[in-house]
Amino acid sequence: MKLSAIKAAVAALVLAATPALAQDKLLNVSYDISRELFEALNPVFAEAWKAKSGNDVTIEQSHAGSSKQARSILEGLPADVVTFNQETDVNMLAKGGMVAENWREAFPNGASPWYSAPAFLVREGNPKNIQNWSDLAREDVQVVFPNPKTSGNGRYTYLAAYAFGLRENNGDHEATQEFVRKIMANVPVFDTGGRAATQTFVERNIGDVLVTFEAETRQIAAQYADRGLVPITPPVSLFSAFPVAVVEENTEKNGTTELATEYLNWLYSPEAQRIVAEGGNRTANEEVTAEFADKFPQVELLTVEDVFGGWDKIESEHLASGGILDQVFTNQ
Amino acid sequence: MTRVLLIGAAFVLTAVLVVVPLVYIFVQALSAGWGAYVANILDPGTLHAIWLTTLVAVIVVPVTVAFGIAAAWLLSKFTFPGRGLLITLIELPFSISPIIAGICYLLLYGRQGYLGGWLAQNDITILFALPGIVMVTMFVTTPFVVREVLPLMQAQGSDQEQAAVTLGAGGWQVFRRVTLPNIRWALLYGAVLTTARAVGEFGGVAVVSGSIRGKTNTLPLQVELLFNDLNVVGAFAAATVLTLIALVVLVAKTVLERRAGRH
Amino acid sequence: MSPASAPAVRARAVLPGFRLTLGTTVLYLSIIVLIPIIALVLTGAGIGPGRLWAIITAPRTLASLRITITAAAIATVINAVYGLLMAWVLVRYRFPGRRLLDALMDIPFALPTAVAGLSLTALYSANGWFGAVLEPLGLQIVYTLGGIVLAMSFTSIPFVVRAVQPVLEELDPALEQAAASLGSRGFTTFRRVVFPAIMPAWLGGVTTSFARSLGEFGAVVFIAGNLPFKTEIASLLAYIRLEEYDYEGAAAIALVLMVLALVLLFVSNMVQLRAARYGAVTA
């Protein structure tokens, strides 16, 4: 009796869910704080793709800590492309056979369409006068940044602090580790993603300084203009590449390899790079860099290669179980 | 005197503990005005989350009801070895954290889990898609129908059914003509509870959803996602939809209780 | 222990449907509940006892378990008192608004826990209605143990009320009248006559409430602040370990919580069994 009504309702629901037209579709699995960035980028790409191929395209988004995302993909999250903030996380996919071994050569600039650096966001008027990494180790300073084990953002912060420590201590690893240990001990909570750390700092009012990508410090300071938060880019930081890759294992199955490649290539176009720079990220595009020159202070950016001898060494010496990170991360 | 004092305390405490948090959801959702509220509800991500949550409930509730009937029939009409084990398995999801359910599913159905390789070979997708969300929701809602129906079936005994069988009725006939009329209110009641729990599931789904915006985000996950997008008003707007569902559930529950009481 | 071995079945008579219902029940429980739990147990067994012990006794794990149990215990005490009060008022008194009050008891069950967490957090934070009053008094609720207690109390409100209500309704008022006629005063009557009768049901509700609080996640993560060693609950730690790709850590903590749930289930069944027996005696 009522069964027919239920059937009709189910049919209506199914119809409502079926897209009117078959569409090109891409799942971009990304890091936590790139939510707003890709929300700005994707519609512009959709237009460009429509003009080029005549097809509509939907870009689906998933955001969380970069390493968590890599693990989800290894567990079956059907990503077509990844836009991460750390090479280690793409490498993890390469090791799992999801991404080509030579993914760095697939796109310009080591497959990194933009970059940033860990920077600080402090409370109104900078009451604790936090200017540089050495201030983070002070006893009176509470620091907030995400968990280096789940978040690429947090890992860059750890590495940047380490790089700064090495330089201050003339390459003395023991003194550097003591310095980093002090900073880690000043962190009351390690959230699993960059955005959760921002929430902790902004909404929960925990900590004197948030360490996160420069892009996020700018965006949050602007969004919470009434709070008077001050973004500070320290004089020395670590060059943070944001690598992208096509997850071939999945795109071959989905038939999206071409679209995925096109999407990632488009991120290098002046059009996309301008949006990227507006979002507070630094780019390698000279024209765009010149346009936004006053927005980004000239600071010294150390590189992973120069300081640590590359990501392989970081993985084996720092990130491996029982490695240096585990030794200084005493409150994990 | 005691009476007035106790009733007063009951009202004040319930207002503080239950009513104000409920009202506050609407206050927050409307804090930026009706226009912003409507815009937040009509956000495609939120609309899709509403649709997905509905779909999950539409799949989960009938299956759980069918299971509940079968299990209640089995446990009330027959004694057999292993009966206690079955009851424990049915009850366990009630007191277990849904996060644990999610972890179990990841360890089993993840690509690197025990069945992961086999599932991938056969092109079966469970995690980070509808099947995983549905199955975890079934896990957490397993006990609800059985809990309502079993005690009733046990209390009513099997005499009526046995008489019907003796008179030559078949199994389905007995169930539809004799058992079902006796348990229908309890059954509906269990279905209502299941719906509430299915719609609101958060922890377990958080582990297996992959939080793809506009695709595998259920409504409770959408609330969290909007909150992390630093869109607090939007999060509360999405929350009002869940709250309204909860209020409908409550009304249905009250009505059913009265009906059941009369029978 | 093959449940399907037909001769062991003492079919109470000729009722059909044993195979069908057994098949359905076992199939559903296997796919949805049992096999996933076995995967957890296998993972736990694969860790090895030494490592398992090391994970469970790590300071952060122990702290998270202590915080979870402490908060759940306080929340349960609150609900034990509040639930008893509500059951008493709803059953024994007639007053305008009683039906509404009765229906409100189910709100915490019907409302998704994440929504409850979101609302409580906003309400008790410095610029929320309650927080604006409490924080100047030096009472901070959000991001403290108090917040966890609050969230757990909210989500487990229905259990004690709903357990006690029916028993109280069944209780013969003649007993109390007899006690009163013998000169017993209100509270003494309650303590001596009423409470012993409803105690098993009350204890059952308290146990359920405690179990539910131990497992609560959605409401707590919003309001707790999730600071390790201070406000990090065990199920959140399991979730974090999972995100860290530390499956062993996640599985070990999940196993501890599951064993805890099983023990409570056992206790609750014992209490209910007693309650049933008690009910049989008074009837």
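Residues numbered from 1 in each chain as written. Chains lettered and ligands numbered in written order. Predicted model: local features only at pLDDT ≥ 70, side-chain atom pairs only at ≥ 80, totals over all residues. Heavy atoms only, no water.

Structural notes on the overall build of chain A
Thought 1: Helix and strand counts for chain A stand at 17 helices and twelve strands.
Thought 2: The C-alpha atoms of chain A give a radius of gyration of 21 Å, which matches the 20 Å a tight globule of 332 residues would have.
Thought 3: Reported as C-alpha extents along the three principal axes, the dimensions of chain A are approximately 75 × 50 × 45 Å.
Thought 4: Taking all 332 residues of chain A together, the buried fraction comes to 58%.
Thought 5: Within chain A, counting contacts between residues at least 6 apart in sequence, those at least 24 apart form 74% of the total.
Thought 6: Summed over its atoms, the accessible surface of chain A is roughly 13100 Å², and 51% of this surface lies on carbon and sulfur atoms. (Helix = DSSP H or I, 4+ residues; strand = E, 2+ residues; numbered from the N terminus. Rg over C-alpha atoms; globule rule 2.2 N^0.38 Å. Buried < 20%, exposed > 50% of the residue type's maximum accessible area, 1.4 Å probe, protein only. Contact = heavy atoms within 4.5 Å. Areas by Shrake-Rupley, 256 points an atom, 1.4 Å probe, with all protein chains shown as cover.)

Comments concerning the overall build of chain B
Thought 1: Looking only at helices and strands, chain B features twelve helices and zero strands.
Thought 2: What you see in chain B, going N to C, is helices and strands ordered as α-α-α-α-α-α-α-α-α-α-α-α.
Thought 3: Along the first, second and third principal axes, the C-alpha set of chain B runs to 70 × 65 × 30 Å.
Thought 4: For chain B, with 263 residues in total, the buried portion stands at 59%.
Thought 5: Once local pairs closer than 6 in sequence are excluded, the contacts in chain B between residues at least 24 apart make up 72%.
Thought 6: Of the accessible surface of chain B, which amounts to about 9900 Å², a share of 66% is contributed by carbon and sulfur atoms.
Thought 7: Each charge class in chain B can be summarised by its mean position, and for the 15 positive and 10 negative side chains these summaries are 9 Å apart. (Lys, Arg positive; Asp, Glu negative; His and termini not counted. Charge placed at Lys NZ, Arg CZ, Asp CG, Glu CD.)

Considerations on the interface of chain C and chain B
Thought 1: The partner chain B presents 89 residues to the 93 residues of chain C that form the contact.
Thought 2: Interface of chain C and chain B: buried area, both sides summed, is about 8200 Å²; carbon and sulfur atoms make up 80% of it.
Thought 3: Applying the counting rule to chain C against chain B returns one salt bridge.
Thought 4: Residue Asp106(C) pairs with Lys253(B) through a salt bridge whose shortest N-O separation is 2.5 Å. (Buried area = accessible area lost by both parts, 1.4 Å probe. Salt bridge = Lys/Arg side-chain N within 4 Å of Asp/Glu carboxyl O.)

Remarks on the nonpolar core
Thought 1: Counting residues in hydrophobic clusters, the biggest one holds 282 residues, and the most contacted among them are Leu41(A), Ile73(A) and Leu40(C).
Thought 2: Once you skip the residues sitting within four places of it in the chain, Leu41(A) turns out to touch Trp114(A), Trp266(A), Leu267(A), Ala272(A), Ile275(A) and Val276(A).
Thought 3: Val144(A), Phe201(A), Leu229(A) and Leu227(C) belong to the second-largest nonpolar core, a separate cluster that totals 14 residues. (Core = buried A, V, L, I, M, F, W, Y, C linked by side-chain atoms within 4.5 Å.)

Section: the confidence of the model for chain A
Thought 1: Looking at chain A, pLDDT values average 90 and 92% of them are 70 or higher.
Thought 2: Contacts from residues 10-21 of chain A, a stretch scored under 50 in pLDDT, to residues over four places away or in other chains number six contacts. (pLDDT = per-residue confidence, 0-100.)

Comments concerning the packing of aromatic side chains
The way to describe two aromatic rings as a pair is by their centre distance and the angle between their planes.
Residue and element names in this part refer to chain A.
Thought 1: Using the criterion set out here, one finds 39 aromatic pairs over all chains in the structure.
Thought 2: Geometrically, the ring pair formed by Trp 114 and Phe 242 is edge-to-face, given 6.5 Å between the ring centres and 75° between the ring planes. With Trp 114 in the loop between α5 (108-111) and β4 (115-116) and Phe 242 in the loop between β10 (240-241) and β11 (244-246), this residue pair connects regions lying 128 residues apart in the sequence. Take Trp 114 and Phe 242: they sit in the same class, and that class is buried.
Thought 3: An angle of 80° between the planes, with centres 5.9 Å apart, marks the rings of Tyr 156 and Trp 311 as edge-to-face. Taken as a pair, Tyr 156 in helix α7 (residues 152-168) and Trp 311 in helix α16 (residues 311-319) lie far apart in primary sequence, 155 residues in all. Just as Tyr 156 is buried, Trp 311 falls in that class too.
Thought 4: Ring-pair connections join several aromatic residues into one group, and the members of that group are Tyr 31, Phe 38, Trp 114, Tyr 156, Phe 213, Phe 242 and Trp 311. (Phe/Tyr/Trp six-rings, centres within 6.5 Å; stacked < 30°, edge-to-face > 60°.)

Looking at a nonpolar patch on the surface
Thought 1: Residues Tyr114(B), Leu115(B), Leu34(C), Ile35(C), Ile38(C) and Leu42(C) make up a contiguous nonpolar surface patch of roughly 480 Å² in combined accessible area.
Thought 2: Along the chain, the position of Leu34(C) falls in helix α1 (residues 18-47).
Thought 3: Given the relative accessible area of 30%, Leu34(C) is considered partly exposed. (Patch = residues over 30% accessible without salt bridge, like charges linked within 9 Å, V, L, I, M, F, W, Y side chains within 5 Å.)

Regarding the packing of helix α8 (residues 159-166) of chain B against helix α9 (residues 171-200) of chain B
Residues and elements named next belong to chain B.
Thought 1: Between α8 and α9, whose axes approach to 10 Å, the crossing angle comes to 165°. On the basis of their axis angle, the class for α8 and α9 is roughly antiparallel. α8 and α9 meet at a crossing whose hand is right-handed. For the pair α8 and α9, the contacting residues are Gln 160, Glu 161, Ala 164 and Val 165 in the first and Val 174, Val 178, Thr 179 and Asn 182 in the second.
Thought 2: In the contact of α8 with α9, the residues fall into four nonpolar, three polar and one charged. (Axes fitted to C-alpha atoms, helices over the stretch in contact; angles between N-to-C directions. Parallel < 35°, antiparallel > 145°, perpendicular 65-115°, else oblique. Left-handed = near helix turned anticlockwise from the far one by under 90°. Nonpolar A, V, L, I, M, F, W, Y, C, P; charged D, E, K, R; others polar.)

What to know about the interface of chain C and chain A
Thought 1: At the junction of the two partners, chain C supplies 14 residues and chain A supplies 16 residues.
Thought 2: Summing both partners gives a buried area of about 1400 Å² for chain C against chain A, and 55% of it is carried by carbon and sulfur.
Thought 3: In this structure, the connection of chain C to chain A is made through one salt bridge.
Thought 4: The tally of links between chain C and chain A comes to five residue pairs in polar contact (both at pLDDT 80 or more).
Thought 5: Examining the composition of the side of chain C that touches chain A, we find that four residues originate from one element, helix α13 (residues 234-243) of chain C, more than from any other.
Thought 6: Here the side of chain C that touches chain A is built from residues that sort into eight nonpolar, two polar and four charged. (Polar contact = N/O pair within 3.5 Å; in protein donor to acceptor, adjacent residues only side chain to side chain.)

A few points about the UniProt feature "domain: ABC transmembrane type-1" (unreviewed entry) in chain B
Thought 1: According to UniProt, the positions carrying the feature "domain: ABC transmembrane type-1" (unreviewed entry) are residues 50-257 of chain B.
Thought 2: Structurally, residues 50-257 of chain B comprises 80% helix and 0% strand, and the distance from its first C-alpha atom to its last is 28 Å. (UniProt positions renumbered as here; feature names shortened; annotations may be inferred.)

Regarding the sheet that holds strand β7 (residues 209-213) of chain A
Backbone-to-backbone hydrogen bonds join strands into a sheet, with any given pair of strands oriented parallel or antiparallel.
Residues and elements named next belong to chain A.
Thought 1: As summarised here, the arrangement of the four strands in space is β6-β7-β5-β8, forming an open sheet in which the pairing is mixed. In the strand order of this sheet, the two ends are held by β6 (143-144) and β8 (230-232), each with one partner.
Thought 2: For β6 and β7, the ladder comprises two bridges, and the chain directions are parallel. Pairing of Val 144 across the sheet is with Leu 210, part of β7.
Thought 3: Along the sheet, α7 makes contact with β5 (118-122) and β7, crossing β7 at roughly 105°.
Thought 4: Strands β5, β6 and β7 of the sheet are contacted by helix α9 (residues 194-202), whose axis makes an angle of about 155° with β7. (Pairing = 2+ DSSP bridges.)

Describing the environment of Leu107(B)
Thought 1: Looking at where Leu107(B) falls in the secondary structure, it is placed in helix α5 (residues 98-109).
Thought 2: When its relative accessible area of 6% is taken as the criterion, Leu107(B) is described as buried.
Thought 3: Put simply, Leu107(B) and Ala70(B) are 37 residues apart on the chain and 29 Å apart in space, counted from C-alpha to C-alpha.
Thought 4: In contact with Leu107(B), not counting residues within four places along its chain, are Gly113(B), Tyr114(B), Ala39(C), Leu40(C), Thr43(C), Tyr247(C) and Ala251(C).

Concerning the side chain of Asn132(A)
Thought 1: You can see Asn132(A) is positioned in the loop between β5 and α6 (133-136).
Thought 2: Beyond its immediate chain neighbours, meaning those up to four positions away, Asn132(A) contacts Phe120(A), Phe164(A), Pro234(A) and Pro235(A).

Points about the pairing of β7(A)
All names here are of chain A.
Thought 1: Buried residues dominate β7, accounting for five of its five residues.
Thought 2: By the bridge criterion, five bridges tie β5 to β7 in an arrangement that is antiparallel. Bridge pairing links Leu 121 to Leu 210 in β7.

Focus on the domain arrangement of chain A
Residues and elements named next belong to chain A.
Thought 1: Each assigned domain of chain A is listed here: domain 1 (25-115 + 241-292) and domain 2 (118-238 + 299-329).
Thought 2: Of the roughly 1800 Å² buried between domain 1 and domain 2 on both sides combined, carbon and sulfur atoms contribute 45%.
Thought 3: Connecting domain 1 to domain 2 are four salt bridges.
Thought 4: We note a salt bridge from Arg 195 to Glu 36, for which the minimum N-O separation is 3.0 Å.
Thought 5: Looking at the side of domain 1 that touches domain 2, the elements that each hand over two or more residues are α2 (35-53), α3 (66-74) and α4 (87-95).
Thought 6: The element contributing the most residues to the side of domain 1 that touches domain 2 is α4, with five residues.
Thought 7: Each residue belonging to the side of domain 1 that touches domain 2 can be placed in one class, and the counts come to four nonpolar, ten polar and nine charged. (Domains from an automatic or database assignment.)

Description of the UniProt feature "transmembrane region" (unreviewed entry) in chain B
Residues and elements named next belong to chain B.
Thought 1: Here the UniProt-annotated "transmembrane region" (unreviewed entry) positions come out as residues 5-27, 47-74, 86-108, 124-146, 186-212 and 232-252.
Thought 2: Across residues 47-74, the secondary structure splits into 100% helix and 0% strand, with the terminal C-alpha atoms separated by 41 Å.
Thought 3: Taken end to end, residues 86-108 comprises 91% helix and 0% strand; its first and last C-alpha atoms sit 21 Å apart.

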